Amino acid sequence: MGTFPLLIRWSWRDLRTHWIKVVAIALVIAIGTGGYAGLASTTKWRQASYDLSYRRLAMYDLRVDLATSSVVEEGTLADIAAGLPGAAAIVAMEERLIVPTQVDVSTPTGSVLVRGEITGSDFSGGGPAVNSYVSFTGRLLTEEDDGHPVVMVERSFAKFYEMEDTGTLAVSGSRELEFVGQASTPEYFTVAPEGETSMTEATFAALFTTLETAQQLAEEPGRVNNLVLTLTDEADRAGVAVQLNDSLASLPVGTTVSTRDDNLSYTSLTTDIDQDQALFNALAILLLAGAVGAAFNLIHRLTEQQRREVGIGMALGVRPRVLAVRPLLVSAEIAVLGVAFGVGVGLLIANAMAAVFTDMIPLPVWVTDFQIVVFARVAAIGLAIPFLASVIPVWRAVRVTPIQAIKPDLTGRGTIVGLHRRTVRNTFAVMPLRNLRRTPRRTLLTVLSLGAALTVLVGFLGIMDSAYGAIDTAEQQATGAFPERIVVKLDTFHLTESPGVVAIGRAESVASAEPTLRLAGSIHSAAGEIDVFVELADLTNGMWRPTLTAGTWSDEPGVLLAEKAAADLGVTVGDTVTLRHPRRGGLDSYTFVESELPVLATHPHPVRGVVYMDLGHADIFNLRGVTNAVNLLPQAGATTSDVQRELFALEQVASVQSVTAVTEAVRGAFDQILGIVQVMVVAVLLLALLIAFNAAAINLDARAREHATMFAFGVKVRTALRIAVTESLLIGIMATILGVAGGLVMVWWMTQDLLAETLPDFGLNVVLRAETVALVAVMGVLAVAVAPLFTARRMRRMDVPGTLRLVE
Amino acid sequence: MLIELKDVAKRYGEGPLAVTALADIDLLIDQGEFVVVLGPSGSGKTTLLNVVGALDTASEGLVKVGGVEITTATRRDLFGFRAGTVSFIFQAFNLFPGLTVRENVQFGVDAAGSAADPDALLSSVGLGDKGDRFPHELSGGEQQRVAIARALATGNPILLCDEPTGELDFRTGVQILELLKEQAGNGRAVLVVTHNREISRMADRVVELSSGRIIGDGPPVGGTSPVSELHW
């Protein structure tokens, strides 16, 4: 009989003896490699899906918006664009009319009244050619719908409120429209209306209609206020934007030229990928590192147990490379199983995340191909690790003399780190810590592996906590002393004493009303420039005022900046900044001007673009006595719905919302992401349990003689188990501390570094809720501590005499 | 009698493949006796020790140790029996590597709940100054002395020794045997299992096994010799 067939048969017996450990270690590798592959795959196909979808629906490269309430004759904007020196770069353009409105999609079971806007585009010739539409239910509009009161409803909003495919809805002025389907367009792949954050589909209803219909609804026949263009791939987008800006200056109205990179919906998706990729890479690498470290440690120890047999083989004259076959075969089994399981785990995670993303984002194209390159890369790691883990102990066994390898380690040689010599009077109590300290490398590797897995968990949960923390801060800022406050946005500017505005205050369901102003602009300093939304309210006697973190408002004109804005602009209270803002010229014309203003105070709102000023300084905008938004307090017993319904009939009202509507919507959107978090929590829990179980099982083998000695002295099995559980508990505690610390660092990096680059408009503080720490503690400490209990049966069934017998 | 075995047999397996490790064993040992169980490899001497120490169960017969009939005892009772009646000394020492010498002896105290003083016991075995060392820092003979101290720390009346000098050189082995003989003088029953016929010369009684059966039970040929006259 040859040696090799014997080794194969021997290895098969090894597998049968240790099959639970082999499978468990393979699962550890699978979770690490599969988790990495699943997360990395997500990034690949999101990128492909976004690229294809934006291209298919011709997302604009440049966009022109007229100042609030301004319109021009149809064709004016297109003519200007066509006359640019760089006009040859223009592939297509569409003039549009965008009208703010309120939308009522209430059903008998629930009231739904939200703000929104109607976008009118040219559907002739199969258009629009820029920012076209994809239908999810019902049908798309065609040029036959021109002038008819029909619309398509934005898909995310319609899905959120479980709207039918077709039906009727009402807009401001109680005008009824027929909706013929649910559609999406690139600007609404994620709902991020101006002045809001993204993911606000619950509080914003975008309606899409023909240009003629929009003009009828806005009572602006033949007029437009928006232009979108696509350029060739080689075009100098910035150059064309400058030309457009210069040419538009000839118009008597203010204009803003923006690129697709200024569109929050676009950037929050596309930069999301870069941000997510960095985040997923960091978390996936940690998960992989934890799994790889654990697998390495466990396989190493499993192979160490064969060291004596390797020595015997060498003593019998067998070549070391032949002797290495047996332990390497075990590693091969683990490697193959690990890769096979890893593909399964990776597909599971990728599919789970795919389901979440495809549900959240209504793209016309989703590419979720199996990412063979990604899986192949991690499969290579999954194959390599078991072999590397075996090579070291085998090499150690063959490099010593056979007798050194054969001789049993009766005294437990090895580094005993820091073992003190002060005698304790209860040896059972001291054994767990002594056991850990006498194998410091093994202990360290186990703690690091578990710690890495827990760091991933804390990272995921910490990001969610920080996001929810920011939402809470925004909500507290919005509610102030009156959480029932309601904000009414008007369709345009109105005189404060105008009948339309007075009527709002006189509504039956309204207790008090205060006019305010809300304007878009930008602020720059020597350090940079940021886009802002300025809210002017009566900060001294009004019903609401912001919470301040530094400074205070005064009679002097000045701005109250978000802390993040101040930090990004490099200014503090007392410094001067330049505010670029609209200033009313004539009755309906506005131009952008710049004003130097001091920073009076800072506030904690997480959105850096939120700026407050006192309404008494409306002169700066030439808007004294003018308003475009009203703060309301409802009558006692009246709800937001009551106020919405009563004001809906007023044509000048564009939206009526609770001050917490946006934050609630964002909170709801984040709740959807919890599905991904839950997948990772399960994966990490499983990984931690597997690592702990394997460590306990291998410990049981390594300490068999010690346990047998204890039993020979009448020590009960439960005492030995208690020692093992305590040992595991200590490892769990150390790993948890490491995991929480590492996770905090990870969350800090993600919120202060990564997000600062990819989503600069948001300021997140590092928040880790007590519930999160408790969950991590339960998993890291308790779950790990109970792992040795799974070896109780083996301990009870130990062949004590056989284990005690010295094998010669 | 401290140890009573009557018609004891031990078989492994069933049918034609069954192996008889012990058969027709009748044995009585009293306190203060130093008994050597002698036999070649495979004679059943270690099995006999394991049956007496309740590490293994007899297939037939009566085993009564320290007044406890262990053939019918429950598993829980056997743990208590081992804690309070017998103490083992192994050929491979089987000290706990993570505990100091003193703590290894303390383990014996904790396991049996006795009131012994580890330092006093260490002094009695000549290791009074090495209580703070770890097992790997001691020689083989010193480790076996720690094992003896640990066994004595339980305060149990019966010492079961499986080839206690197997890992030791002659001089060190003699020292160990002297210690064990001393314990018999202190009223303990000491049972030593060995294949070394020379060691049997120091016994009060030699029980010789062959193929699982007792083929001899009596004083050593030529009478009991002092330990100093042994040589192997």
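This one's a predicted model, so the numbers in the text were calculated from it and none came from an experiment.

Chemist: Can you lay out the overall build of chain A for me, pointing to particular residues and giving the numbers?
Modeler: Across its full length, chain A holds 23 helices and 22 strands. By its C-alpha atoms, chain A is 105 × 60 × 55 Å across when sized along the principal axes. For chain A, buried positions account for 57% of its 808 residues. Summarising the internal contacts of chain A: among those between residues at least 6 apart in sequence, 82% fall at separations of at least 24. Total accessible area on chain A stands at roughly 32,800 Å², and carbon and sulfur atoms take up 57% of it. For chain A, the centre of its 61 positive side-chain charges and the centre of its 80 negative side-chain charges are spaced 28 Å apart.

Chemist: If you had to explain the sheet that holds strand β6 (residues 86–89) of chain B to someone new, which residues and values would you point to?
Modeler: Residue and element names in this part refer to chain B. Across the sheet, six strands lie side by side as β6-β7-β8-β3-β9-β10; this open sheet has mixed pairing. What marks the edges here is a single partner per strand, and that holds for β6 and β10 (213–218). For this sheet the average axis-to-axis angle between neighbouring strands, irrespective of direction, equals 20°. Alignment of strand β9 (residues 205–210) against β10, held across five bridges, turns out to be antiparallel. Considered in β10, the bridge of E208 is made with G216. Taken strand by strand, helix α1 (residues 45–52) contacts β3 (34–38), β6, β7 (158–162), β8 (189–194) and β9, and its axis lies near 150° from that of β8.

Chemist: Please set out the confidence of the model for chain A residue by residue, giving values where relevant.
Modeler: Residues and elements named next belong to chain A. When pLDDT is averaged along chain A, the result is 86; 94% of the residues meet or exceed 70. At the low end of the mean pLDDT range in chain A sits helix α12 (residues 402–406), at 65; at the high end sits strand β6 (residues 150–154), at 97. This model gives residues 410–420 a pLDDT under 50, and the stretch forms 27 contacts once residues within four places in sequence are excluded.

Chemist: Summarise the sheet that holds strand β2 (residues 19–29) of chain B; cite the residues concerned and give the values.
Modeler: Residues and elements named next belong to chain B. Taken in spatial order, the four strands line up as β2-β1-β4-β5 in an open sheet, and their pairing is antiparallel. Of all the strands in the sheet, just β2 and β5 (68–69) have a single pairing partner and so form its edges. One ladder, built from five bridges, connects strand β1 (residues 3–12) with strand β4 (residues 60–65); its direction is antiparallel. Bridging across to β4, A9 finds its partner in E60.

Chemist: I'd love a proper account of unusual backbone geometry, names of residues and values included.
Modeler: Glycine aside, negative phi is the norm for most residues, and most peptide bonds take the trans geometry. At the junction of A:G127 and A:P128, the peptide bond is cis and its omega measures out at 0° in the coordinates. Topologically, A:P128 is positioned in the loop between β4 (113–121) and β5 (134–138). Phi angles above zero are rare outside glycine, and A:N622 is one such case at about 55°. Among the structural elements, A:N622 can be located in the loop between β20 (610–614) and β21 (626–634). With a phi close to 55°, B:D7 is a non-glycine residue in the positive phi region.

Chemist: Requested: an account of the interface of chain A and chain B, with residues and values cited.
Modeler: Each partner contributes residues to the interface: chain A has 35 residues there, and chain B has 34 residues. Of the roughly 3,300 Å² buried at the junction of chain A and chain B (both faces included), carbon and sulfur atoms supply 63%. Counting every contact that joins chain A to chain B gives one salt bridge. As a salt-bridge pair, B:E103 and A:R434 come within 2.6 Å of each other at their nearest N and O atoms. The tally of links from chain A across to chain B stands at six residue pairs in polar contact (both at pLDDT 80 or more). For the side of chain A that touches chain B, the elements supplying multiple residues, two or more each, are α13 (427–437), α19 (704–712) and α23 (800–804) of chain A. It is α19(A) that contributes the most residues to the side of chain A that touches chain B, six residues altogether.

Chemist: Kindly report on the environment of A:T303, identifying the contributing residues and their values.
Modeler: Residue and element names in this part refer to chain A. Inspection of the secondary structure puts T303 in helix α7 (residues 264–304). Distance in space between the C-alpha atoms of T303 and I392 is 9.1 Å, their sequence separation being 89 residues. Ignoring any residue separated from it by four or fewer positions in sequence, one finds T303 in contact with P327, S390, P393 and V394.

Chemist: Requested: an account of the packing of helix α10 (residues 325–360) of chain A against helix α11 (residues 372–399) of chain A, with residues and values cited.
Modeler: All names here are of chain A. Running from N to C, α10 and α11 cross one another at 155°; their axes reach a closest spacing of 9 Å. When the axes of α10 and α11 are compared, the pair comes out roughly antiparallel. The hand of the α10/α11 crossing is right-handed. Contacts between α10 and α11 pair P327, L328, S331, A332, I334, A335, V336, V339, G342, V343, G346 and L347 from the former with F375, A379, G382, L383, P386, F387, S390, V391 and V394 from the latter. In terms of residue class, the contact of α10 with α11 is made up of 16 nonpolar, five polar and no charged.

Chemist: Provide a residue-level description of the pairing of strand β1 (residues 62–66) of chain A, including the pertinent values.
Modeler: Residues and elements named next belong to chain A. Among the five residues of β1, five are classified as buried, and the element is accordingly described as predominantly covered. By the alternation rule, side chains of β1 split into L62, V64 and L66 and R63 and D65, which are all buried. Two strands pair when backbone bridges link them, and β1 and strand β12 (residues 255–259) are joined in this way by five bridges, in the antiparallel orientation. Counterpart to L66 in the pairing with β12 is T255.

Chemist: Outline α19(A), supporting the account with residue identities and numerical values.
Modeler: Given 3.6 residues to a turn, an α-helix orients residues that are three or four positions apart in the same direction. All names here are of chain A. The element α19 is extensively covered by neighbouring structure, given that eight of its nine residues are classed as buried. Buried within α19 we find A704, E706, H707, A708, T709, M710, F711 and A712. Where α19 terminates, the next one or two residues include G714, which has phi positive at roughly 85°.

Chemist: Please set out the pattern of salt bridges residue by residue, giving values where relevant.
Modeler: Applying the stated criterion to the full structure yields 36 salt bridges over all chains. Residues joined in a network through salt bridges with shared partners are A:D61, A:R237, A:R260 and A:D261.

Chemist: Break down the pairing of strand β8 (residues 175–184) of chain A for me, citing the residues and quoting the values.
Modeler: Residue and element names in this part refer to chain A. Extensive coverage of β8 is indicated by the burial of seven of its ten residues. Where β5 lies against β8, four bridges are found, and the strand directions are antiparallel. Within the sheet, the bridge partner assigned to G138 lies in β8 and is G181. As paired strands, β6 and β8 are joined by four bridges and run parallel to one another.

Chemist: So what's going on with a positive patch on the surface? Which residues, and what values?
Modeler: Taken together, the side chains of A:K716, A:R718, A:R722 and B:R76 define a basic patch exposed on the protein surface. Here A:K716 is to be found in the loop between α19 and α20 (717–758). On the basis of relative accessibility, which here comes to 31%, the residue A:K716 falls in the partly exposed class.

Cut-offs applied
- Residues numbered from 1 in each chain as written.
- Chains lettered and ligands numbered in written order.
- Predicted model: local features only at pLDDT ≥ 70, side-chain atom pairs only at ≥ 80, totals over all residues.
- Heavy atoms only, no water.
- Helix = DSSP H or I, 4+ residues; strand = E, 2+ residues; numbered from the N terminus.
- Buried < 20%, exposed > 50% of the residue type's maximum accessible area, 1.4 Å probe, protein only.
- Contact = heavy atoms within 4.5 Å.
- Areas by Shrake-Rupley, 256 points an atom, 1.4 Å probe, with all protein chains shown as cover.
- Lys, Arg positive; Asp, Glu negative; His and termini not counted.
- Charge placed at Lys NZ, Arg CZ, Asp CG, Glu CD.
- Pairing = 2+ DSSP bridges.
- Axes fitted to C-alpha atoms, helices over the stretch in contact; angles between N-to-C directions.
- pLDDT = per-residue confidence, 0-100.
- Buried area = accessible area lost by both parts, 1.4 Å probe.
- Salt bridge = Lys/Arg side-chain N within 4 Å of Asp/Glu carboxyl O.
- Polar contact = N/O pair within 3.5 Å; in protein donor to acceptor, adjacent residues only side chain to side chain.
- Parallel < 35°, antiparallel > 145°, perpendicular 65-115°, else oblique.
- Left-handed = near helix turned anticlockwise from the far one by under 90°.
- Nonpolar A, V, L, I, M, F, W, Y, C, P; charged D, E, K, R; others polar.
- Patch = residues over 30% accessible without salt bridge, like charges linked within 9 Å, V, L, I, M, F, W, Y side chains within 5 Å.

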